[in-house]
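# Structural overview
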Amino acid sequence: MTDDVLIVGAGPTGLTLAIELARRGVGVRIVDAAPAPHRESRGKGLQPRTLEVLEDVGGTERVLATGTTRLPFRKYFDGAQVNDTDPFADALPTPDAPYERGVLIGQWQVEEILRERLAEFGVGVQLGTEVAEFEQDTDGVTAVLADGERIRAGYLVGCDGGRSRVRKVMGVRFDGTTEEAQSMVVGDVEAEGISRDVWHQWFTSDGGGLALCPMPGTDSFQLQASPELDADGEPLPPSLESFQRIFDRYARVPGVTLTNPTWLSIWRVNVRMVDRMRVGRVLLAGDAAHVHPIAGGLGMNTGIQDAYNLGWKLALAATGQAGPGLLDTYEEERLPVAAWTLGVSSDLYAQVLERVKEPGTGIEVAAPPPMGTGYPWSSLARPADGSASSVGSVGDPFVLRPGDRAPDAPCLDASGHPVRLFQVYADPRFTLLGFGAEVADAVGKLAAEHDGLLQGFTVDGVDGGASGAVADLHDHEGHARRAYGVTDPALVLVRPDNHVALFSRDPAEVTAYLARIATITPKE
């Protein structure tokens, strides 16, 4: 039996990718070397864009029910409380961006939610399964497990972390640095007598620091601090006893005993990324492709967004609906984001941007927006003929461009019930919005011609439209038009990963764009 895709690694990246493939009807197997799921907080924050991704995947409602969006920072200096602050206190959701702040949640909880979602598609994680070797040919990949079993798949994706076995077998470079002298101890402990209503952050005049963050839905705090050092200046191995001494030194709160450690670790500054995310039928995503500083949950967020970008492309390639060259755009779009997020040197960053340019275009590539909010440099952000978009103002940073994140907007459906554009986009196909009665017939025709690839919706204006025809969506407050910069009749094509593919007034341009997706060929 041959699976369409074999995913190695069942962390947030691998699970998100498995869901994206399974909901598109792709045969997927996901394996992980660990004998059982971990219960470690690790990367503990989901950013607003990641919440948008998980809403499309089907997990944000459970994430919000498990985590918390409001946790003030309580800062201390030399043991004395200084202040409580909430940097997002005044942040409010807007019609185009429903998540104004991130969510504090343990990584193990995110993985549990994603495993439950994946199970709804009849797919489970094959635990205790280690891929030792693999080889590929023109038709697929043969993976050899540690116990000698052989698995055949059309594609293999390594989501197996910073020490990725898949990456090593691929033979790609892993450029960057590891700073042995810069390290941090992290772990999950309980601390009775410490308030769980704030994120405690202690600083001292000698430059030391300690943070205790209460993890929602548990009795644990995540502890982060500089490590104790031995006589040679080397970090001591993490232990509960060491954590207690560090707490006593920096927090200066008598009578508090740390107990029940469920995770003890030491983290060194490790900033690395691959030079390629794809070699033939084998791809990399998440920490297997780039490792990040610990702050901000960068690894979990970028990994989930890697999977979101890759999922629809790999599904089309694996099922024969698109040429394998579509997978080149995964690296083209995500490698610059990884480089920007890591803050690599300007020389290396320039090399990355040069690598992902489409041959012969000569386009200038600017620094990417943060955390995958747009891919304006991508070859997928241009019409089939390579020209500028016929709607919108390409190059103006204050106007939506092809490649940008597709905004949300509240609308009414044909029955008058509230519906958000993000709910419309949850379908795994491309979405075509037709603003104005003048393009309504084109929307219906295009949707019928490309049924397996495209869904279409007509959108009328705040006056209900002059033609009297019932539109699929009613932009009753004008938010959709404002968000997309539409003033005249227009067609807006949105990618399956909720980025704008095309602005146009010509239905032929939409047809040409979709035809290019199906026939795109690999780079030479």
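Residues numbered from 1 in each chain as written. Predicted model: local features only at pLDDT ≥ 70, side-chain atom pairs only at ≥ 80, totals over all residues. Heavy atoms only, no water.

## A few points about the packing of aromatic side chains
Under the counting rule described, the total for this entry stands at six aromatic pairs. Look at Phe73 and Trp199: their rings are 5.4 Å apart centre to centre, the planes differ by 90°, and that puts the pair in the edge-to-face class. Highlighted residues: Phe73 in strand β4 (residues 73-77) and Trp199 in strand β12 (residues 199-203), separated in sequence by 126 residues. Residue classification places Trp199 among the buried residues on the basis of a relative accessible area of 18%. Between the NZ or CZ atom of Arg196 and the centre of the ring of Phe221, over which it lies, the distance is 4.8 Å. The ring of Tyr513 carries Arg516 above its face, with NZ or CZ at 5.2 Å from the centroid. (Phe/Tyr/Trp six-rings, centres within 6.5 Å; stacked < 30°, edge-to-face > 60°. Helix = DSSP H or I, 4+ residues; strand = E, 2+ residues; numbered from the N terminus. Buried < 20%, exposed > 50% of the residue type's maximum accessible area, 1.4 Å probe, protein only. Lys NZ or Arg CZ within 6 Å of the ring centre and 35° of its normal.)

## Focus: the pairing of strand β2 (residues 28-31)
Of the strand pairs in this sheet, strand β1 (residues 2-8) and β2 are connected by four bridges, and their pairing is parallel. Considered in β2, the bridge of Leu6 is made with Arg29. In this fold, the crossover linking β1 to β2 by way of helix α1 (residues 12-22) has right-handed handedness. Looking at chain direction, β2 and strand β7 (residues 125-126) are connected through two bridges and run parallel. When the bridges of β7 are listed, Ile30 appears paired with Val125. (Pairing = 2+ DSSP bridges. Right-handed = clockwise from strand over helix to strand, strands pointing away.)

## Details of unusual backbone geometry
Negative phi is the rule for most residues except glycine; trans is the rule for most peptide bonds. The backbone of Asp78 sits at a positive phi, close to 50°, despite the residue not being glycine. Given the relative accessible area of 28%, Asp78 is considered partly exposed. Even without being glycine, Asn260 reaches a positive phi, approximately 45°. Note on placement: Asn260 falls in strand β15 (residues 258-274). Of the residues examined, Asn260 reaches a relative accessible area of 42% and is grouped as partly exposed.

## Focus: the sheet that holds strand β24 (residues 490-494)
Taking strand neighbours across the sheet as the criterion, the seven strands line up as β20-β19-β23-β22-β21-β24-β25 in an open arrangement whose pairing is mixed. At either margin of the open sheet sits one strand with a lone partner, and together these are β20 (418-420) and β25 (500-504). The pairing of strand β21 (residues 430-435) with β24 spans five bridges and is classified as antiparallel. Looking at β24, one finds that Leu432 is bridged to Leu493.

## Considering the confidence of the model for the protein
Of all residues in the protein, 88% have pLDDT values of 70 or greater, and the mean over the chain is 88. Predicted confidence for residues 355-372 stays below pLDDT 50, and this span has 48 contacts to residues more than four positions away or in other chains. Taken as a whole, residues 390-398 scores under 50 in pLDDT and shows 16 contacts with residues more than four places along the chain or in a different chain. (pLDDT = per-residue confidence, 0-100. Contact = heavy atoms within 4.5 Å.)

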